[in-house]
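# An overview of the molecular structure
Here is how the chains run, residue by residue.
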Amino acid sequence: MNAIKKQGGNMNFSSNIKFLRKRRNKTQDELAHLLNIKRSTLSGYENELAQPGIETLMIFSDYFGIAIDTLVRGKLEELPESQMRELERGYDIFIKGSNIRVLATTVDSENEENIELVSEKAKAGYSTGFADPEYIRILPTFQLPFLSRERKYRTFQISGDSMLPIPDGAYVTGEFVQNWQYIRNRQAYIILTLDDGIVFKVVESRMEEGKLRLHSLNSLYEPYEIDIKNIREVWKFVNYISPQFPEPVSNSERLAHEVQEIRKDLAGIKKKLASA
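Residues numbered from 1 in each chain as written. Predicted model: local features only at pLDDT ≥ 70, side-chain atom pairs only at ≥ 80, totals over all residues. Heavy atoms only, no water.

### Overview of the sheet that holds strand S6 (residues 171-176)
What the nine strands build is an open sheet, ordered S4-S3-S5-S6-S11-S7-S8-S9-S10; its pairing is mixed. Since the sheet does not close on itself, it has two edges, and those belong to strand S4 (141-142) and strand S10 (224-227), each with one partner. Pairing between strand S3 (residues 115-118) and S4: two bridges, direction antiparallel. Looking at S4, one finds that Glu116 is bridged to Thr141. (Pairing = 2+ DSSP bridges. Helix = DSSP H or I, 4+ residues; strand = E, 2+ residues; numbered from the N terminus.)

### Focus on helix H4 (residues 54-64)
All buried positions along H4 are accounted for by Thr56, Leu57, Phe60, Ser61 and Phe64. Buried residues along H4 cover an arc of 140° about the axis, so they all sit on one side. Exposed side of H4, more than 90 degrees from the buried face: Ile54, Glu55 and Asp62 are the residues found there. Check the buried side of H4 and you find it contacts helix H1 (13-23), helix H2 (28-35), helix H3 (39-46) and helix H5 (68-73). Phi for Gly65, located one or two positions after H4, is positive at around 70°. (Buried < 20%, exposed > 50% of the residue type's maximum accessible area, 1.4 Å probe, protein only. Arc of directions from axis to C-beta. Contact = heavy atoms within 4.5 Å.)

What is shown is where atoms sit, not what they do.
Listed below in C-alpha cells is the structure:
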C-alpha cells in the first residue's frame, strides 16, 4: 500500500537526491563527477551535513529534470512508481505552478499497482475518502493485462444516460492525470468534483480561464462549466466494460437531436441579427 504525501515546508532534499541517485544506479563518486562537485560535498548534502545554495539546487534540478520545489518539498520515495515515471518524463507539476496532487493507491503481491474499482454504491464514500489510504485499501482491485504498467488506472461505475451509447451501469476505466495542463479537448475524462461528486464527460479545456466545459454524448443534455478549484481528481478515459448490448438510436432521440440543432441555428441567426 502506497500513498503520496505532501510534506509542506519540510526539507527533503537530502533524501530525494540520494533516492534519485540510486534510481539511476550511480555511486556518489560518479554523480559528483557528472555534476562537477566534490564527492565529500555530495555526501554532505545526502547526510544533511550541508545545505545547498540556489545555484547548486539548479544543477541538481537540471540533471534530474525535476523542479527545485519538488526536490526540496516533495517526498519522492513515497510516490507511486507511476508518478515517479511521470516526473522523470518531464511532467513535473511544480513547473506549471500547481500543487502536487494527492493520490492514495494500492499494489498487488508483485508490487504492481492495482486498478481499484469504485462501484455505484462506493461513489459517495469516494468523494470524501479519495485521499485516505485506509479507504482506498478496502476498494475491490483487479488487473487488466492489456494496459500499461507504467500508468495508474482506476475504474468507476457510471450512472444515468448522459453518456449514451455508453450505458447506465457501465464500468469506465481512466488513467490518472497528474498535470491538468495536459487535458485535451474533445476527449472523455472522469472527474471528481466537490459539488457533483464523480462525473464522466467529454471535456473542453478552458484552463486559461480556470475552468473546464463539460459535454455529454447524449445531445439532450446541455454542456456546463466547472471551476478548476472545484476539481479534486482527473482520470483520462481509456475503456469501458458493460454487460449491456448497445441499443440503436430511437426515432425520438433523432428527433430531439434535430430539434436541438435547429435551436442552435436559430440562436446563431439571432446573434448575427443583433450584431448587424
